[in-house]
Every structure is written in structure tokens, then in C-alpha cells.
Amino acid sequence: MKRPKRRLGFAPLGVAALVLLTGSGGSCSEEQREPTTPAPPPLAEAELPPADVRLLVITDLDGYLEPCGCTSRPLGGIDRMSARVRSLSGEGPPSALVAAGNLYFHGAPHGADAERAAVQERMRAETLNTILERVDLTAAAPGPLDFGYGTDTFRALAGEAGFPLLAAGVTLATPAEEGEETEAPSPVLTATTLRRIGSRQVGFVGLTQLESADGSLPDAVEIDAALREAGRAAVAELRERGAELVVALVTADRRGARQVATGVDGVDVVVHGGVDEASVSPPSTPGGAILVNAGRQGQ
């Protein structure tokens, strides 16, 4: 799990190197020459107020329990992540662990061994549920691959999870007694959750882009108008309940995440899951909200 704060820390090092190279540049002549451009002024150290809430971010875990399979310098692993979370619990400001993007699965298996592989994948997802509950996952916004084994499998996993799964405006198809499917709000998905982190009331809202060509996923919430409206209503409800900080857990493409950051008033932080690339984008502040991503598969 990568922490955006470290990435931000690279900038001063780059500036210092540039100043050093500028100051050390000399002439090939033995004659001492006056510099043609003035030296840059020294950079003052930023004075930031002490943090009272810390977010620990997971994005697109994809059900990975072990490192990604790299032969050298293997990355990730749920055991390493759990150890890191526990080590941070006793130091620094109070923390909240959150997740966005595909949580349980990275795709449904196919072929002759598909059935056996499916059983193994479900067992791994159940194990992941147990581990994430132990490290006190505050909330998660699921991704489309979490429904790769059907709505019933997702419903069972979500019902066993010791943390809320958030998706504002999303409904699941619920089988009726006659065998027909009807649309009804799902008891395993909720729009928001409110939690006290240290001295602050922090609200979390899930905004998830779900769609599939075969109709096997819940009705897609369009990232444009519909998802923004769902987000606005959810954020307003959180603020009315006393949320001092609002964190949006967004599973969408890059455009969708930026639309939440710029088009949903009252959101302070956007945790962006659903990124296909393995690379991590540096934090940005579109619309004033902090937009962060933590990579994939627990790396």
C-alpha cells in the first residue's frame, strides 16, 4: 500500500538538486566570472498544521492475498499491508483505512478448471473479508469485477463482511418468490457511513460505476449527471449528520473520478479506484478536493 505523502515528499528533493546544479555550474576558463542569472532564493520549509486524521488507502486490491508474482523485489501482500496498518495504529494521528475499486476478485476463471478455480476464489475472498475486518477497514466501494461470480456471490460476501460496502444510487436485482427479478434496495449496499476518527466526524460515500453488456451487474449509475446527483444527495446528508470531513470512495475511470472531485460540492478527498494502469498518479487537487490513488493489487 503506497502512501501519497511519500510521493509529495519527492518535490523538495528535486528542487534541491536543481539549485545545487545551478550553483555548482562554472566556467571552463580559470577566470572567475560573475553569474549571468541571480541565484534562486532559498526555499522556506512549509509550515503545516498538525494532522488530526490520517487516511490509509487501498485501491483495486483485486483479491490478492500474496505478492503480485514478481520474481525480483515482490510487491504487495496482505500480510505486509496488515502489519503496516497495525504499526501505524499506535503512532501519529488517528487513522481510517478505506478501499476503492475491485476488492474481492480480478476476473472470473474460464476453461476446464473454472469450477474448481471459482471455489478457490470464493474461499480467498472470504479470507480477505476476515483479514480486512481484523485491520478495521472503515469502508469500501466495490468494483465491477466484484460481481464476476454473480450477484448472489457478492451478496453473500457483503453480508459476511465486517465493514460497510458503499455505492450510492445502486440497486441490486432481488429474486422474487415467483422467480422473477425485481429492483429493490439491497441491504448489503449502502450509500454512506459516518464514523468518528479521533476528534473528527468523518463521512464516507461510495460512488461506483457499474456496467456490463450482458446485464449481469446492477443497473449502471451513469458517471455523468446521475452519479453526481447521487453524490450530492449523499454528501448533503452526511453534512446534515455532522460530518466535518467527507471522503468519496470512487470506482470509475479517470474522467469519472475528476468529475466527482470537481462536480460534487462538499467532498474533501476522492479515493480513486478502477484505474487500469499499474502506475500510481501523484495526488492532485481538481476542484479543491484531494484526488489520490494507491496502485493495484496491494502494491
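Residues numbered from 1 in each chain as written. Predicted model: local features only at pLDDT ≥ 70, side-chain atom pairs only at ≥ 80, totals over all residues. Heavy atoms only, no water.

**Here's the deal with helix α3 (residues 78-89)**
At 3.6 residues per turn, the α-helix brings residues three or four places apart onto the same side. The terminal C-alpha atoms of α3 lie 17 Å apart, and with 12 residues this matches the ideal 16 Å at 1.5 Å per residue to within 8%. Listing the buried residues of α3 in full gives I78, M81, S82, V85 and L88. Take α3 and look down its axis: the buried residues cluster within an arc of 130°, on one side only. Along α3, exposed side chains directed more than 90 degrees from the buried face belong to D79, R80 and R86. (Helix = DSSP H or I, 4+ residues; strand = E, 2+ residues; numbered from the N terminus. Expected span 1.5 Å × (residues − 1). Buried < 20%, exposed > 50% of the residue type's maximum accessible area, 1.4 Å probe, protein only. Arc of directions from axis to C-beta.)

**With respect to the confidence of the model for the protein chain**
When pLDDT is averaged across the protein chain, the result is 77; 72% of the residues are at 70 or more. Confidence drops under pLDDT 50 across residues 1-30; counting only partners more than four residues distant or on other chains, this segment forms 26 contacts. (pLDDT = per-residue confidence, 0-100. Contact = heavy atoms within 4.5 Å.)

**Brief notes about the packing of aromatic side chains**
Within a pair of aromatic rings, the relevant descriptors are the distance that separates the centres and the angle that separates the planes. As enumerated under the stated definition, the model contains 3 aromatic pairs in all. Aromatic pair Y104 and F105: ring centres 6.3 Å apart, planes at 50°, arrangement tilted. For the pair Y104 and F105, one class covers both residues: buried. Site record: aromatic cluster; members linked through ring pairs are Y104, F105 and Y149. (Phe/Tyr/Trp six-rings, centres within 6.5 Å; stacked < 30°, edge-to-face > 60°.)

**As for the side chain of T251**
Looking at the secondary structure, you find T251 in strand β8 (residues 245-251). A relative accessible area of 3% means that T251 is categorised as buried. Residues within four places of T251 in sequence aside, it is in contact with A100, G101, A141, P142, G143, P144, L207, T208, Q209, G273 and G274.

**Examining the pairing of β8**
Looking down a regular strand, the side chains alternate between one sheet face and the other. With respect to burial, β8 is a largely interior element, 6 of its 7 residues being buried. Pairing geometry for strand β7 (residues 200-208) and β8, over 7 bridges, is parallel. Its bridge partner being in β8, L207 is matched across the sheet by V250. Pairing between β8 and strand β9 (residues 269-273): 5 bridges, direction parallel. Within β9, the residue paired with A248 across the bridge is V270. Once you follow β8 into helix α7 (residues 254-263) and on to β9, the crossover reads as right-handed. (Pairing = 2+ DSSP bridges. Right-handed = clockwise from strand over helix to strand, strands pointing away.)

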